Amino acid sequence: MSAATTRTPRTPRATRTPDRLCVEAVELAREAAEEAAAPGIVGEHVEAIAEGDRVVTHFFECKEPGYRGWRWAVTVTRASRAKNVTLDETVLLPGSDALLAPEWVPWSERLRPGDMGPGDLLPTEADDLRLEPGYSGEDAPPPNSAVSEELADHLDVEDAEIVSRTPSRGAIGAVAEELGMRRARVLSRYGLHVAADRWDEAFGAKTPMAQAAPATCVSCAFLVPMAGSLKQAFGVCANEFSPADGRVVSLSYGCGGHSEAAVMPKPPRPAPPVLDSMAADEFPLRPAKDSGSTTEPDTSSDDLGHS
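What counts, and where the lines are drawn
- Residues numbered from 1 in each chain as written.
- Predicted model: local features only at pLDDT ≥ 70, side-chain atom pairs only at ≥ 80, totals over all residues.
- Heavy atoms only, no water.
- Helix = DSSP H or I, 4+ residues; strand = E, 2+ residues; numbered from the N terminus.
- Expected span 1.5 Å × (residues − 1).
- Contact = heavy atoms within 4.5 Å.
- Pairing = 2+ DSSP bridges.
- Axes fitted to C-alpha atoms, helices over the stretch in contact; angles between N-to-C directions.
- Buried < 20%, exposed > 50% of the residue type's maximum accessible area, 1.4 Å probe, protein only.
- Salt bridge = Lys/Arg side-chain N within 4 Å of Asp/Glu carboxyl O.
- Core = buried A, V, L, I, M, F, W, Y, C linked by side-chain atoms within 4.5 Å.
- Phe/Tyr/Trp six-rings, centres within 6.5 Å; stacked < 30°, edge-to-face > 60°.

- In the nomenclature of an unreviewed UniProt entry, the protein chain corresponds to DUF3027 domain-containing protein from the organism Streptomyces showdoensis.

So this is what it looks like as structure tokens:
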């Protein structure tokens, strides 16, 4: 058997007494394991387990680098009333402490938010439950269409002209683009619910930031409303100091950057000057002698009016 073949070790349903001749065929089992493996890979004999009547599996250590805990399993058997033991199969099996590769997961389940980089392409399945047709691109018109053959008998030919041919997809696409409905697919109700659950988990009422906030986003001036049905529960934060700046937030979310959380008070006006009217100010009658503004009068030449 190929050394790359693996199988799950079989667990005996009940305790069996191993066949003596099969248990003694250790060398036969070793030769089979060494033939399947590279030289020097088969190690010591570990144990022998009875798989059935006259069926025994011998386990040997595996010394192959990168196969820690794996064991070579060689199953031998013999026919009823026969003394010759024959080889059944040789396989490499993992032990209880074997180093195993992780279980393979499809790429669509491995992908996480933020994994995409510049130049990466993420294909969307045709039957993605998150999307639904944005406009009718089918060859046949809807049953209630004016060009439907089913309504041809109900119309008066004199009042309306029946067009037997159906409009092409190019014509429908041109009209849809002119009306602003150029998207072939839009979000379905399931896609809206999935997006809403994801946004509410990141920036919703149950987050620690929202529970410690003084008010919710519904009364915040920095909330930018959204269009469509999502505007009933979500908006976009436009506060550059908020942890949710530029993110879709629930109306029940909140943070310390609420516009009305703490209104800054106006700076206080300085008090008017206080006039002290209880004290008397001293004003000199004449300027000081050293001021230089006036000169002392000459009293010796003054006429005092005496004779």
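### Some points on helix H5 (residues 189–202)
Logical step 1: In this model H5 runs 20 Å from its N-terminal to its C-terminal C-alpha over 14 residues, within 8% of the 20 Å that 1.5 Å per residue would give.
Logical step 2: For H5, the elements touching its buried residues are strand S6 (185–187) and strand S8 (234–237).

### Topic: the sheet that holds strand S1 (residues 42–52)
Logical step 1: The strand order across the open sheet built from four strands is S1-S2-S3-S4, with neighbouring strands paired in antiparallel fashion. A strand with exactly one partner marks an edge of an open sheet, and here the two such strands are S1 and strand S4 (86–94). Pairs of neighbouring strands in the sheet enclose a mean axial angle of 20°, with direction left out of account.
Logical step 2: In this structure, strand S3 (residues 70–77) lies alongside S4, joined through eight bridges in antiparallel fashion. The partner of Thr77 across the bridge, within S4, is Thr86.
Logical step 3: Across the sheet, helix H2 (residues 26–36) lies against S1, strand S2 (55–62), S3 and S4, angled at about 115° from S1, the strand it touches most.

### Remarks on the pairing of S3
Logical step 1: Of all eight residues making up S3, seven are buried, and the element is well covered by its neighbours.
Logical step 2: Bridge count for S2 against S3 is seven bridges, and the pairing is antiparallel. Paired with His58 across the strands is Val74, a residue of S3.

### As for the pattern of salt bridges
Logical step 1: Applying the stated rule across the entire model yields four salt bridges.
Logical step 2: The closest approach of N and O atoms between Glu24 and Arg20, which form a salt bridge, is 3.4 Å. One end of the pair, Glu24, and the other, Arg20, are both in helix H1 (residues 20–24), four residues apart, so they sit about a helical turn from each other. Here the two residues Glu24 and Arg20 agree in accessibility, since each one is exposed.
Logical step 3: Across the pair Glu47 and Arg71 runs a salt bridge, and its minimum N-O distance is 3.0 Å. On the criterion of sequence distance, the pair formed by Glu47 in strand S1 and Arg71 in strand S3 is long-range, its members being 24 residues apart.
Logical step 4: Classification of Glu47 by relative accessible area gives partly exposed; the value is 31%.

### Structural notes on the sheet that holds S8
By way of backbone hydrogen bonds, the strands of a sheet pair with one another, either parallel or antiparallel.
Logical step 1: Taken together, the three strands give an open sheet; going across it, the order is S7-S8-S9, and neighbouring strands pair in antiparallel fashion. The two strands at the open ends of the sheet, each matched to only one other strand, are strand S7 (223–225) and strand S9 (248–250). Averaged over all neighbouring strand pairs, the angle between strand axes comes to 50°, with direction disregarded.
Logical step 2: Across three bridges, S7 lies against S8 in antiparallel orientation. The residue of S8 that forms the bridge with Val224 is Val236.

### With respect to the nonpolar core
Logical step 1: Of all hydrophobic cores here, the largest spans 18 residues; its most connected members are Val42, Phe60, Cys62, Trp72, Val74 and Val76.
Logical step 2: Among the elements of the structure, H2, S2 and S3 are those that each provide at least two residues to this core.
Logical step 3: What Val42 contacts, discounting residues up to four positions off in sequence, is Arg30, Ala33, Glu34, Ala37, Phe60, Glu61 and Trp72.
Logical step 4: If you look at the next biggest cluster of nonpolar residues, it comprises nine residues, including Cys217, Leu223, Cys237 and Tyr253.

### Regarding the packing of aromatic side chains
Here the distance between the centres and the angle between the planes together describe a pair of aromatic rings.
Logical step 1: The final tally for this structure, using the stated rule, is three aromatic pairs.
Logical step 2: Pairing Tyr67 with Trp70 gives two aromatic rings, centres 5.4 Å apart and planes at 80°, and the pair type is edge-to-face.
Logical step 3: Residue class for Tyr67 comes out partly exposed when judged on its relative accessible area of 34%.
Logical step 4: Ring geometry for Phe203 against Tyr253: centres 5.5 Å apart, planes inclined by 90°, an arrangement best described as edge-to-face. With a gap of 50 residues between them, Phe203 in the loop between H5 and helix H6 (208–211) and Tyr253 in the segment after S9 connect regions that are remote in the sequence. One exposure class covers both Phe203 and Tyr253, and it is buried.

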